[in-house]
Amino acid sequence: MPVVATFFDPVTFTASHVVHDPATGAAAIIDPVLDYDPAAGRISHGSADAIIAHVEMEGLRVEWLLETHAHADHLSAAPYLQRKLGGKIAIGREIRRVQDVFGALFNAGPQFPHDGSQFDRLFDDGDGFTLGGIDVVVLHVPGHTPADLAYVIGDAVFAGDTIFMPDYGTARADFPGGDAHQLYRSIRRLLALPRDARLFLCHDYKAPDRNEFRWETTIGAQRDANIHVHDGVAEEVFVAMRRARDATLGMPTLILPSVQVNMRAGQLPDPEANGVRYLKIPLDAV
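Residues numbered from 1 in each chain as written. Predicted model: local features only at pLDDT ≥ 70, side-chain atom pairs only at ≥ 80, totals over all residues. Heavy atoms only, no water.

Undergrad: Can you explain the sheet that holds strand β3 (residues 26-30)? Please cite residues and give values.
TA: Sheet architecture is open: six strands sit in the order β1-β2-β3-β6-β8-β9, paired in mixed fashion. Lying at the two open borders of the sheet, with one neighbouring strand each, are β1 (3-9) and β9 (121-123). Each strand of the sheet is rotated relative to its neighbour by a mean of 25°, with strand direction disregarded. (Pairing = 2+ DSSP bridges. Helix = DSSP H or I, 4+ residues; strand = E, 2+ residues; numbered from the N terminus. Axes fitted to C-alpha atoms, helices over the stretch in contact; angles between N-to-C directions.)

Undergrad: Quick one: what's the story with the pairing of strand β11 (residues 134-140), residue by residue and with numbers?
TA: Two faces make up the sheet, and in a regular strand the side chains alternate between them. One ladder, built from four bridges, connects strand β10 (residues 128-131) with β11; its direction is antiparallel. Looking at the pairing, Gly128 lines up with Val137 of β11. As defined by bridge partners, β11 adjoins strand β12 (residues 149-153) across five bridges and the pair is classed as antiparallel. Counted as the bridge partner of Val137 is Val152 from β12.

Undergrad: Run through the nonpolar core, naming residues and quoting values.
TA: Ile29, Val55, Leu65, Leu81, Leu85, Ile95 and Phe119 are the most contacted members of the largest nonpolar core, which totals 39 residues. Those elements giving two or more residues to this core turn out to be β3, β4 (33-37), α1 (46-58), β6 (61-66), α2 (78-85), β8 (88-92), α3 (95-105) and α7 (255-262). What Leu65 contacts, discounting residues up to four positions off in sequence, is Ile29, Ala78, Leu81, Gln82, Gly86, Gly87, Lys88, Ile89 and Ala90. Formed by 24 residues, the second largest nonpolar core is a distinct cluster that contains Val157, Met165, Ile187 and Leu199. (Core = buried A, V, L, I, M, F, W, Y, C linked by side-chain atoms within 4.5 Å. Buried < 20%, exposed > 50% of the residue type's maximum accessible area, 1.4 Å probe, protein only. Contact = heavy atoms within 4.5 Å.)

Undergrad: Could you give me a rundown of the environment of Ile134, with the residues and numbers involved?
TA: Tracing the sequence through the fold places Ile134 in strand β11. Spatially, the C-alpha atoms of Ile134 and Leu193 are 17 Å apart, while their sequence positions differ by 59 residues.

Undergrad: Mind laying out the packing of helix α4 (residues 180-191) against helix α6 (residues 235-246), listing which residues take part and the relevant values?
TA: One can describe the packing of α4 onto α6 by two numbers: an axis separation of 9 Å at closest approach and a directional angle of 125°. Judged by the inter-axis angle, α4 sits oblique to α6. Considering how the two elements wind past one another, α4 and α6 form a crossing that is right-handed. Residue-level inspection shows Ala180, His181, Leu183, Tyr184, Arg185 and Ile187 of α4 in contact with α6, the latter providing Glu235, Glu236, Phe238, Val239, Arg242 and Arg243. (Parallel < 35°, antiparallel > 145°, perpendicular 65-115°, else oblique. Left-handed = near helix turned anticlockwise from the far one by under 90°.)

Undergrad: Give a detailed account of the pattern of salt bridges, specifying residues and quantitative values.
TA: If you walk through the whole model with that rule in mind, you get 15 salt bridges. Glu63 serves as the salt-bridge partner of Arg61, at 2.9 Å between the closest nitrogen and oxygen. Relative accessible area serves as the criterion here: at 42%, Arg61 is assigned to the partly exposed category. Two residues, Asp124 and Arg93, come together in a salt bridge whose shortest N-O distance is 2.8 Å. Remark: Arg93 occurs in the loop between β8 and α3 and Asp124 occurs in the loop between β9 and β10; sequence separation between them is 31 residues. Taken together, the salt bridges that share partners define one network made up of Asp167, Asp204 and Arg210. (Salt bridge = Lys/Arg side-chain N within 4 Å of Asp/Glu carboxyl O.)

Undergrad: Go over α3, please, and point to the residues and values.
TA: The set of residues buried in α3 consists of Ile95, Val98, Gln99, Phe102 and Gly103. For α3, the arc enclosing every buried residue in end-on projection is 120°, short of the 170-degree limit, so these residues lie on one face. The inward-facing, buried residues of α3 abut β8, β9 and α7. A positive backbone phi angle near 50° is found at Asn107, which sits one or two residues after α3. (Arc of directions from axis to C-beta.)

Undergrad: Break down the sheet that holds strand β5 (residues 42-44) for me, with residues and values.
TA: If you trace the three strands from one edge of the open sheet to the other, you get β5-β4-β7, paired in antiparallel fashion. Each edge of the sheet is formed by a strand with only one pairing partner; in this case those strands are β5 and β7 (75-76). Pairing of β4 with β5, which is carried by three bridges, proceeds in the antiparallel orientation. Bridging across to β5, Asp37 finds its partner in Arg42.

Laid out in structure tokens, this is it:
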């Protein structure tokens with residue numbers, strides 16, 4: 001059983017996880033947050049530094065910086081953590097589809113490759129590796145975006161944005177390349193894992209009548225009680241619900257800065273001639 005430590009950012013409602021093999025100290029960091037103040041356009045590293053302090057205190061050896069997908073709600077701290085701690089930055093191979101769509105939106109130009117080469121490793125469905133002595137299996141779980149992955153690390157499953165706590169439901173499926181039918185099938189694939197597997201989520205928004213944030217549950221709890229997709233909910237019922245709900249949702253606050261950074265594996269734009277880095281905000285295009 002891997003050991004999991006979670007770092008929750010209440011600004012973006014994001015749970016980043018540090019998972020390690022207690023026998024060897026080999027560790028992976030999943031979905032790390034780079035702090036960004038959109039009003040001031042200012043980057044800071046408090047969330048990432050808390051992860052660094054934990055890794056150093058526990059004497060861990062970071063081998064992987066794993067992204068579940070190109071997030072639309074926070075900027076990735078993976079490059080910053082890589083410089084401080086090492087490890088390979090990885091994501092799903094379908095990131096190339098995301099790069100095609102958003103590379104065009106941000107007019108990234110021919111200097112921006114659409115082949116995923118910004119990342120150290122692109123995973124395919126079913127790929128495996130080891131974290132110390134613990135087997136890891138990669139599952140492609142599209143629907144929220146075309147590039148979503150889940151990582152099965154021993155008895156722990158890291159599902160990204162695909163599913164939330166049972167009392168909150170499931171992720172939206174209306175981003176470019178998203179699909180509610182695919183999302184349903186991906187979730188059912190996850191829910192076919194052992195009932196007692198620990199399930200770690202990337203976000204929590206606190207369901208009505210719940211006062212604390214939560215990011216850990218089990219496969220069995222989701223099958224029994226997820227308000228959107230518990231056992232017995234048919235695909236067409238789920239799709240109708242998901243489409244109706246998505247039609248009421250606004251865009252995530254940080255989608256434009258986040259995606260243009262995260263499609264580059266978290267790398268910030270190069271400084272311009274005046275030494276300042278700039279993010280683009282396309283007007284009337286989304």
